[in-house]
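Here is what each chain is made of, one letter per residue.
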Amino acid sequence: MADHRQRPRRRGQGELEVLVLSALREADGPATAGWVQERLGGDLAYTTVITILTRLLAKGAVTRERAGRSFAWTPASDEAGLAAHRMRKVLDAESDREAVLASFVTGLGPDDERLLRELLGHSRSEGED
């Protein structure tokens, strides 16, 4: 008879990155990969945590410093900062930035468009100081 126990649901890379960043933000300071693994309940392999942290480092989402023979990790930005970084990477990969930005802006709902206008106006007035 076949074993019908369910395997744990496999999480996607983005979901794991969010979990790891959330754990790091809960730390009182720089945290080791082992601490992150424990904080997440230990169901992730240590090597998986290291892989996620290394990917986040490459994306500029975390920083690291030497801590003995390993590293201690610190979030460089919050989830909004990470999402903004991904958006800039997508934009940088396109040859016609103007067309991409125009398409993005025309696809915004009224509330998001108003917010974007306010943010742009605010950043211009800050630059005039």
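Description of the structure in this document. Only a predicted model underlies this, so the values are computations on that prediction, with no experimental measurement involved.

## Digging into the packing of aromatic side chains
Part 1: With the rule as written, the count across this model stands at 1 aromatic pair.
Part 2: Directly above the aromatic system of Phe-71 lies the positively charged group of Arg-64, at a separation of 4.0 Å from the ring centroid.
Part 3: The side chain of Arg-66 reaches across the aromatic face of Phe-71, ending 4.4 Å from its centre.

## Description of helix 3 (residues 46-58)
Since the α-helix turns once every 3.6 residues, residues separated by three or four places project in the same direction.
Part 1: With 13 residues, helix 3 extends 19 Å between its outermost C-alpha atoms, agreeing within 8% with the 18 Å of an ideal straight helix rising 1.5 Å per residue.
Part 2: Val-49, Ile-52, Leu-53 and Leu-56 are the residues of helix 3 that are buried. Buried residues of helix 3 fall within an arc of 100° about the axis and therefore sit on the same side. Facing away from the buried side of helix 3 by more than 90 degrees, the exposed set consists of Thr-47 and Ala-58.

## Observations concerning the nonpolar core
Part 1: With 18 residues, the main nonpolar core has Val-20, Leu-24, Leu-53 and Leu-56 as its most contacted residues.
Part 2: Mapped by element, the contributors of at least two residues to this core are helix 1 (13-26), helix 2 (33-39) and helix 3.
Part 3: For this core, the element with the most residues is helix 1, which contributes 5 residues.
Part 4: Residues within four places of Val-20 in sequence aside, it is in contact with Val-36, Leu-40, Ile-52, Leu-53 and Leu-56.

## Concerning the pairing of strand 3 (residues 70-75)
Part 1: Of the strand pairs in this sheet, strand 1 (residues 31-32) and strand 3 are connected by 2 bridges, and their pairing is antiparallel. The partner of Ala-31 across the bridge, within strand 3, is Trp-73.

Criteria and cut-off values
- Residues numbered from 1 in each chain as written.
- Predicted model: local features only at pLDDT ≥ 70, side-chain atom pairs only at ≥ 80, totals over all residues.
- Heavy atoms only, no water.
- Phe/Tyr/Trp six-rings, centres within 6.5 Å; stacked < 30°, edge-to-face > 60°.
- Lys NZ or Arg CZ within 6 Å of the ring centre and 35° of its normal.
- Helix = DSSP H or I, 4+ residues; strand = E, 2+ residues; numbered from the N terminus.
- Expected span 1.5 Å × (residues − 1).
- Buried < 20%, exposed > 50% of the residue type's maximum accessible area, 1.4 Å probe, protein only.
- Arc of directions from axis to C-beta.
- Core = buried A, V, L, I, M, F, W, Y, C linked by side-chain atoms within 4.5 Å.
- Contact = heavy atoms within 4.5 Å.
- Pairing = 2+ DSSP bridges.

These figures come from the coordinates and say nothing about function on their own.
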